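As a plain string of letters, each chain reads:
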Amino acid sequence: MATRPRPLSPHLTIYRWPITMILSIMHRATGVVLSIGMLVFIAWIATVAFNESGYDFLLLILKSWLGQVTLFLWSFAFFLHFCNGIRHLYWDTGRGFNKDKVELSARLVLLGTTLLTSIFWLIK
Amino acid sequence: MNYKSFIKIIFNNSLVKGASAHWWSQRLTALCLIFFGSWFLVSLIMFESYQYIEMRDWIGHPLNSIMLIMFGLSLTYHSSLGLDVIIEDYVHQPSLRKFCLSLNKKTHLILTFILIVALIVIDLELFNG
């Protein structure tokens, strides 16, 4: 008798992604992105301290279109992690856990992120 | 599990102690970052040219230096804690996991060190004219 693989319970790919799940993954992903951004923050201060031509080079890269796109994505990551982080701190007080509230706060996070990112780049 | 033995575990088990310290550190640095992160982004908007001289004078201003060191410390600490969790979740092989965790910690310590030295250098240069 041929051995059949053991049945698996439905995996991530089966479901339509709920907004809460997307935000949960995004919180972690943006966290990693921001850790990489932290390197630029430290390079920014370090080049000002130790290497003026290094700073000019860093500025040149950040002002190129690729640098600007990267900075835009970093600002988006910052605001998303910022808003969703506040949502997590709110959860830490033991509130906001039922299904409706969790979905409402997820929508608020997306709205807040969009607004803050737009405002940041409009007045910059 | 009865209430007393639960309390006992919380206070005597080093693993649980480490976990609650991790939890609190992550939340406290998060609160710091709400404040210092907002300040940093507002500062970014207010710069005029981003040229070297402007940046040096701004970073070297005592108040900004203090804010930057607070922002930098909460940032590196928060980042280190966050990446710890990700390593613990995805690296299963015990010795590799241990290596990654220690590499993560060391990298963040070196970055923090660079940041502090750089800020001191900028402040001293401005102070000496």
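Residues numbered from 1 in each chain as written. Chains lettered and ligands numbered in written order. Predicted model: local features only at pLDDT ≥ 70, side-chain atom pairs only at ≥ 80, totals over all residues.

Undergrad: Is there a simple way to think about the overall build of chain A in this case?
TA: Helix and strand counts for chain A stand at four helices and zero strands. Against the compact-globule benchmark of 14 Å for 124 residues, chain A has a radius of gyration of 20 Å, which places it well outside the compact range. If you line up chain A on its principal axes, its C-alpha atoms span 70 × 45 × 25 Å. Relative to all contacts within chain A whose residues are 6 or more apart in sequence, the contacts with residues 24 or more apart total 71%. (Helix = DSSP H or I, 4+ residues; strand = E, 2+ residues; numbered from the N terminus. Rg over C-alpha atoms; globule rule 2.2 N^0.38 Å. Contact = placed C-beta atoms within 7 Å.)

Undergrad: Looking at this structure, how should I read the overall build of chain B?
TA: If you tally the helices and strands in chain B, you get five helices and zero strands. When the helices and strands of chain B are placed in sequence order, the string is α-α-α-α-α. For chain B, the proportion of its 129 residues judged to be buried stands at 17%. Put simply, of all contacts in chain B between residues at least 6 apart along the chain, 71% involve residues at least 24 apart. (Buried ≥ 20, exposed ≤ 12 C-beta atoms within 10 Å, placed from the backbone.)

Undergrad: Teacher, can you tell me more about the environment of L71 of chain A here?
TA: Along the chain, the position of L71 of chain A falls in helix α3 (residues 65-92). Taking the C-alpha atoms as reference, L71 of chain A lies 18 Å from G112 of chain A; in sequence the two are 41 residues apart.

Undergrad: Could you clarify how one ought to interpret the interface of chain A and chain B in this entry?
TA: Many analyses report the size of an interface as the accessible area lost when the parts associate. Contact with chain A, which involves 23 residues of that partner, is made by 25 residues of chain B. Those elements that provide at least two residues to the side of chain A that touches chain B are α1 (19-50), α2 (52-63), α3 and α4 (99-123) of chain A. Counting residues per element, the side of chain A that touches chain B draws most heavily on α1 of chain A, at eleven residues. Of the residues belonging to the side of chain A that touches chain B, the class tally is 15 nonpolar, three polar and five charged. (Nonpolar A, V, L, I, M, F, W, Y, C, P; charged D, E, K, R; others polar.)

Undergrad: Is there a simple way to explain the packing of α1 of chain A against helix α5 (residues 94-127) of chain B in this structure?
TA: When two helices pack together, their arrangement is given by the angle between their axes and by how far apart the axes lie. In the contact formed by α1 of chain A and α5 of chain B, the axes pass within 8 Å of each other and the chain directions differ by 40°. In this view, α1 of chain A runs oblique relative to α5 of chain B, as classed from their interaxial angle. Here α1 of chain A and α5 of chain B pass one another in a crossing that is left-handed. Counted together, I42, I45, A46, V48, A49 and F50 of chain A of α1 of chain A and L111, I114, L115, A118, L119, V121 and I122 of chain B of α5 of chain B form the full contact between these two elements. (Axes fitted to C-alpha atoms, helices over the stretch in contact; angles between N-to-C directions. Parallel < 35°, antiparallel > 145°, perpendicular 65-115°, else oblique. Left-handed = near helix turned anticlockwise from the far one by under 90°.)

Undergrad: Explain the nonpolar core to me, please; I cannot follow it from the model alone.
TA: The nonpolar side chains of a soluble globular protein tend to be buried, and buried together. I45, V48 and A49 of chain A together with L115, A118, L119 and I122 of chain B are the most contacted members of the largest nonpolar core, which totals 16 residues. Those elements that place two or more of their residues in this core are α1 of chain A together with α2 (14-46), α4 (62-90) and α5 of chain B. Not counting the four nearest positions on each side in its chain, L119 of chain B is found in contact with I45 of chain A together with S65, L68 and I69 of chain B. (Core = buried A, V, L, I, M, F, W, Y, C linked by C-beta atoms within 7 Å.)

Undergrad: What is the right way to read the confidence of the model for chain B from this model?
TA: For any part of a model where pLDDT is low, the fine detail of the predicted coordinates should not be relied upon. Residue-level pLDDT values for chain B average 90, and 86% of them are 70 or greater. Overall fold confidence for the complex sits at a pTM of 0.88, while the interface term, ipTM, reaches 0.88. (pLDDT = per-residue confidence, 0-100.)

Undergrad: Help me out: how do you make sense of the environment of L34 of chain A in this one?
TA: Residue and element names in this part refer to chain A. The residue L34 is located in helix α1 in this model. Spatially, the C-alpha atom of L34 lies 16 Å from that of I86, the residues being 52 residues apart in sequence. Not counting the four nearest positions on each side in its chain, L34 is found in contact with A77, F78 and H81.

Undergrad: Explain the environment of D84 of chain B here, please?
TA: Residue and element names in this part refer to chain B. Among the secondary structure elements, D84 is positioned in helix α4. Residue classification places D84 among the partly exposed positions, given that 17 C-beta atoms sit within 10 Å. The spatial distance from the C-alpha of D84 to the C-alpha of T107 is 12 Å, given a sequence separation of 23 residues. Excluding residues within four positions of it along the chain, D84 makes contact with L101 and N104.

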